[in-house]
Amino acid sequence: MTRARAITAVLAGSIFWWMVAEGRAEGDPAYGEYLANECTACHPPDVTDGVIPPLWLLPTDYFIDALRAYRSGERENPVMQAVARALGDEEIESLAAYFADLREQKGGS
Amino acid sequence: MTRLTRRGLLGTTAVLGVGLMAAPHVLRAQSRPKVVVIGGGAAGATVAKYVARDSKGAIEVALVEPKETYTTCFYSNLYLAGWRTLESITHRYVNLVQKYGVVHYRDMAVDVDTGKKVVRLASGRELPYDKLVVAPGIDFRYEAIEGYDEAAAMDMPHAYQAGEQTALLRAQLEAMEDGGTVVIAPPPNPYRCPPGPYERTSLIANYLKKHKPKSKIVVCDPKDKFSKQALFQDAWQRYYEGMIEWIPGELGGRVVKVDTKEMTVTLEGGDVIKASVANIIPPQKAGWIAHRAGLTDDSGWCPIDPDSMASRVARDVYVLGDASIASKMPKSGFAANSQAKVVAMDIRHQLLGDRRFPARYRNTCWSSVADDDAVKVGASYKAGETMIEVVDKFISKVDEPPEVRAQTRAEADAWYESITQDIFA
């Protein structure tokens, strides 16, 4: 491995872990668990053939980015836009922390 | 599941070989705080499940519901269209009992003493409670339409409490001749599922267009406007042109009298309509036990504290779902399920000291209007000083492309599977 590649790999790894850690460190999983009760009215606990995904399956950074994109209107779907507009950064991070914990419990990575 | 009592347990320990190991459990079981939930619909079953599951057995939860299964009123219009079976919208309480330890009393609550904190059942059994959850749904004001009572509902079904009534309406539609007239009479506000009668109109038209295309639907409405009106009327025009006539209240659309022998419906404006099938949905009020327990006000519904759904009338009692006055929140299965989670949190906070977070409520109502076309309306809510207030809302647009509508239709099906799991699984 060249030096440049090694640095790139280390950087990429750090960014990845920083992003994963960000969701977990800043969010309050207990608050996230309460907030997640809003999600389970529509999102299934496990994989189905339906068009609505189980949330614990989504990577933490993707989950956070998606909610922010719904909140800004960049991503479309009026239900999710209304959901996201009712969430501050603290709420989004708490939800991410809760779903990350749930993913671990379910044996995901 | 039988109830755990010291006597019952001591009588069976020898047989089970559990011995004295069970004794501390018995003592703990007897000292656990008790929650009694009246009503096993979207509101009551969700509270029962969430309190039992999240308290991990620290709270004893009793669900009082005479029925063994629950057929959801939401999605029953899809059964009327012939899209779904009745079984596919019927759910059992077995998971609540076996997975979470809820005790299901298949009995009717006939009285509540909110002073002594006891619920009396039809069997004579008395259930003491620390917290009572009253979620009886709706009852009908049968006195409001001349000639329409419980017996008349067997000839002109309301089909607004799902199950037998829904099956009856479907059977009548199937038996009807091509070229017949279906009368649908929506109720005045407030009532369960505001878009329900109009989704029903769309889906009965969907069935008739495929199987009895010469038939007509007359919607006899006491109101001058209704939920998602522009969206429904646009769909009626596009898919069922000439099939549906809507008579608003201002044009005398309110049904004042029915004659089940002649199968006629008399409107306030004087018209008498001969119906092949008449779906009469009467004016509504909170379920009977809420009145009996003294939890209603002059409106016939139950006033609540917007931050917890606690009754404004009696201490240690919550009222939620259709029976409550949730101000801007509609009476819907989604809303009931949302309110239930706030109630469950408040109960755990009060009884176990668990953390309490600010109340958040949400509602979304999907309505199917044709095979690959559904629309939706929804909102986020918070607890205001005196009532539940809207934070944010949305509604589908009339000119949306077909792929958006098809996606909404698929989303509705996915939602139904999720919410019924959230309530019953």
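Residues numbered from 1 in each chain as written. Chains lettered and ligands numbered in written order. Predicted model: local features only at pLDDT ≥ 70, side-chain atom pairs only at ≥ 80, totals over all residues.

Chemist: What is the right way to look at the overall build of chain A in this model?
Modeler: The secondary structure content of chain A amounts to five helices and zero strands. When its helices and strands are written in sequence order, chain A yields α-α-α-α-α. Looking at chain A as a whole, 33% of its 109 residues qualify as buried. Contacts in chain A between residues far apart in sequence, at least 24 positions, make up 64% of those at least 6 positions apart. (Helix = DSSP H or I, 4+ residues; strand = E, 2+ residues; numbered from the N terminus. Buried ≥ 20, exposed ≤ 12 C-beta atoms within 10 Å, placed from the backbone. Contact = placed C-beta atoms within 7 Å.)

Chemist: Can you walk me through the interface of chain A and chain B in this structure?
Modeler: It is common to give the size of an interface as the accessible area that goes away when the parts come together. Taken together, the contacts link 21 residues of chain A with 29 residues of chain B. Looking at the side of chain A that touches chain B, the elements that each hand over two or more residues are helix H2 (29–39) and helix H4 (78–85) of chain A. Across the side of chain A that touches chain B, the residue classes break down as 13 nonpolar, six polar and two charged. (Nonpolar A, V, L, I, M, F, W, Y, C, P; charged D, E, K, R; others polar.)

Chemist: Which parts of the structure should I look at to understand the domain arrangement of chain B?
Modeler: All names here are of chain B. Along its sequence, chain B is carved into domain 1 (32–137 + 287–424) and domain 2 (167–282). Looking at the side of domain 1 that touches domain 2, the element that brings in the most residues is strand S22 (residues 360–370), giving five residues. Partitioning the side of domain 1 that touches domain 2 into residue classes produces 15 nonpolar, six polar and three charged. (Domains from an automatic or database assignment.)

Chemist: What should I look at first to understand the pairing of strand S13 (residues 244–247) of chain B in this one?
Modeler: Regular strands place their side chains on alternate faces of the sheet. All names here are of chain B. As paired elements, strand S12 (residues 216–220) and S13 share four bridges and run parallel to each other. Counted as the bridge partner of Ile217 is Ile244 from S13. For the crossover from S12 across helix H8 (residues 229–239) to S13, the handedness is right-handed. (Pairing = 2+ DSSP bridges. Right-handed = clockwise from strand over helix to strand, strands pointing away.)

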